[in-house]
Amino acid sequence: MNTINRSRRQFIKNAGALALGSTLPVSLVELAFAESSQNFSFAYISDAHIQHIKDNRFVRNWDRGLIRAVAETNLLVPKPDFVVFGGDLAQLGNKPELDHGAEILSGLKYKIHYVMGEHDYYLDLGEYWQELFGPQYYSFDHKGVHFIVLNSILTYDEWTHNRWPTDEQRMLEMAMLDNPNGSPFMVGAEQLLWLKKDLARIDSTTPIVVFSHSPLQKIFKNWNFWTEDAEQVQALLQPFNKVSVIYGHVHQIQYNQVGNISFNSVMATAWPWPYPPTYAHAEQYLPKLIVPMNRADPFFERDGTGWQLINLGNGNVDMEYLLYNNRGRSVRYHREQNRPEDVDYQHESARIPPQIHY
């Protein structure tokens, strides 16, 4: 952790010109190997939700959030090898939103790998996204690591193609939480076949990092924190020694371990989601339910957003969350217990009371 701690201090020092402390989820990910010359880092930005108002006007909070994330990423020291954008660049998937988001992201000084979110997809089924950013799913290799980018926000063909009078109505239905007209996310048969073929050529000792928008788990169906064919994806990843899945979509801190697969979420540049109030009543697919974070102040739209430093050493993720207006959080892989743990929030007595001044 020495290298990444030095990087974190230097980043905070350099970013001081922008603000005292960061409010945004710029995630520095360092992959550490026995041969130090092979170490490298990448940055992660997600869930900007750029929303068009009229003409050249956009919701200021959301585009300002992405602008600042780009500026902070450009100040990272050491410089990352590349940047990942984790999906939901747009709010309603239209050309003005995607063009505006693409223009902001063009300010990054690094190569960008893109993950598609449901807000980017369900207006035109990803057609304009592909014109701007390329394929909806793909893989690449970088310094001994195999990276996989999945489009995990597909759903049943009947819902997608036969149910809605207009494309705009389909987009609006998928954009809502707690919507009985919604439909669960999935990777889909065609992409599962592609993933099987892609992995067939990779040695089981190769570290695997999967970027998806949805969690590739079944967490909470009402809010679509859910991937319908998660078990099939996990089965294809089980033969590999170390697999890490990094995902957006949930706008909150989550972590989990399923067999050899570590799951870690990243936060949003736009706003935080609260934890679903019915977690306690939902079927528990996670071995251990997520420990609730310090929830956001409802009168401060940036509270609950943050940025993460991620150390991915020997295939295990140690993630440092830095939260504005809240104490930082650390989720680290516990080698003896073989799962991530939240080192600051294991017991109720250690948690900061929620803000109740409103």
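Definitions and cut-offs
- Residues numbered from 1 in each chain as written.
- Predicted model: local features only at pLDDT ≥ 70, side-chain atom pairs only at ≥ 80, totals over all residues.
- Heavy atoms only, no water.
- Buried < 20%, exposed > 50% of the residue type's maximum accessible area, 1.4 Å probe, protein only.
- Helix = DSSP H or I, 4+ residues; strand = E, 2+ residues; numbered from the N terminus.
- Expected span 1.5 Å × (residues − 1).
- Arc of directions from axis to C-beta.
- Contact = heavy atoms within 4.5 Å.
- Pairing = 2+ DSSP bridges.
- Axes fitted to C-alpha atoms, helices over the stretch in contact; angles between N-to-C directions.
- Parallel < 35°, antiparallel > 145°, perpendicular 65-115°, else oblique.
- Left-handed = near helix turned anticlockwise from the far one by under 90°.
- Polar contact = N/O pair within 3.5 Å; in protein donor to acceptor, adjacent residues only side chain to side chain.
- Nonpolar A, V, L, I, M, F, W, Y, C, P; charged D, E, K, R; others polar.
- Core = buried A, V, L, I, M, F, W, Y, C linked by side-chain atoms within 4.5 Å.
- Salt bridge = Lys/Arg side-chain N within 4 Å of Asp/Glu carboxyl O.

Novice: Hey, could you go over the pairing of strand β2 (residues 40-45) for me, with residue numbers and the actual values?
Specialist: For β2, a buried count of 6 out of 6 residues is recorded, marking the element as mostly surrounded by other parts of the structure. The alternating pattern of β2 places Phe40, Phe42 and Tyr44 and Ser41, Ala43 and Ile45 on opposite faces, both of which are buried.

Novice: Describe in detail helix α8 (residues 189-200), supporting the description with residues and values.
Specialist: Under the 1.5 Å per step criterion, the end-to-end length of α8 is 17 Å for 12 residues, consistent within 8% with the ideal 16 Å. Among the residues making up α8, those that are buried are Gln191, Leu192, Leu195, Asp198 and Leu199. One side of α8 holds all its buried residues, which, seen down the axis, span an arc of 125°. What points out from α8, more than 90 degrees from its buried face, is the exposed set Ala189, Glu190, Lys196, Lys197 and Ala200. Those residues of α8 that are buried are in contact with β7 (138-142), β8 (145-149), β9 (208-212) and α9 (230-237).

Novice: Let's hear about the sheet that holds strand β13 (residues 255-258): which residues, and what values?
Specialist: On the basis of which strands lie adjacent, the open sheet formed by 6 strands has the order β7-β8-β9-β12-β14-β13 and mixed pairing. The strands lining the two open edges of the sheet, one partner per strand, are β7 and β13. Neighbouring strand axes in the sheet, compared pairwise and without regard to direction, differ in orientation by 20° on average. Bridge count between β7 and β8: 5 bridges; the pairing is antiparallel. Paired with Tyr138 across the two strands is Val149, which belongs to β8. The sheet contacts of α8 involve β7, β8 and β9, and relative to β8 the element is tilted by about 170°. α9 contacts β9, β12 (243-247), β13 and β14 (261-265) of the sheet and is inclined by roughly 125° relative to β14.

Novice: Describe the packing of helix α2 (residues 60-74) against helix α3 (residues 95-105), listing the residues and the values that go with them.
Specialist: Where α2 contacts α3, the axes come no closer than 9 Å and their chain directions differ by 25°. Looking at the two axes, α2 sits roughly parallel to α3. When the axes of α2 and α3 are compared, the crossing they make is right-handed. Each of Asp63, Leu66, Ile67 and Val70 in α2 lies in contact with α3, whose residues at this interface are His100, Gly101, Ile104 and Leu105.

Novice: Describe the side chain of Asn94, listing the residues and the values that go with them.
Specialist: Tracing the sequence through the fold places Asn94 in the loop between β5 (82-85) and α3. Within polar-contact distance, the side chain of Asn94 engages the backbone nitrogen of Glu97 at 3.0 Å.

Novice: How would you sum up the environment of Thr205? Please name residues and give values.
Specialist: Its place among the elements puts Thr205 in the loop between α8 and β9. Between the alpha carbons of Thr205 and Pro239 there is a distance of 9.2 Å; along the sequence they are 34 residues apart. One polar contact links Thr205 to Asp203, side chain to side chain, over a distance of 2.5 Å.

Novice: I'd love a proper account of the packing of α8 against α9, names of residues and values included.
Specialist: Relative orientation of the contacting elements α8 and α9 amounts to 10°, with a least axis distance of 10 Å. Considered as vectors, α8 and α9 are oriented roughly parallel to each other. For the pair α8 and α9, contact is made by Leu192, Leu195, Lys196 and Leu199 and by Gln232, Val233, Leu236 and Leu237, respectively. In terms of residue class, the contact of α8 with α9 is built from 6 nonpolar, 1 polar and 1 charged.

Novice: Give a detailed account of the nonpolar core, specifying residues and quantitative values.
Specialist: By size, the foremost hydrophobic cluster in this structure holds 36 residues, and its most contacted members are Leu66, Phe85, Leu89, Leu105 and Leu108. If you list the elements that add at least two residues to this core, you get β2, α2, β5, α3, β6 (111-114), α5 (127-133) and α7 (167-175). For this core, the element with the most residues is α3, which contributes 4 residues. Leave out the neighbours within four places in its chain, and Phe85 touches Ile45, Ser46, Asp47, Ala48, Leu66, Leu105, Ile112, His113, Tyr114 and Val115. Ile148, Val210, Trp223 and Ile261 belong to the second-largest nonpolar core, a separate cluster that totals 23 residues.

Novice: Explain the pattern of salt bridges residue by residue, including any values.
Specialist: Under the defined criterion, the tally for this structure stands at 8 salt bridges. A salt bridge links Asp167 to Arg170; its shortest N-O distance comes to 3.3 Å. Of the two residues, Asp167 and Arg170 both sit in helix α7, 3 residues apart, roughly one turn of that helix. You can call Asp167 partly exposed: its relative accessible area is 39%. When its relative accessible area of 6% is taken as the criterion, Arg170 is described as buried.

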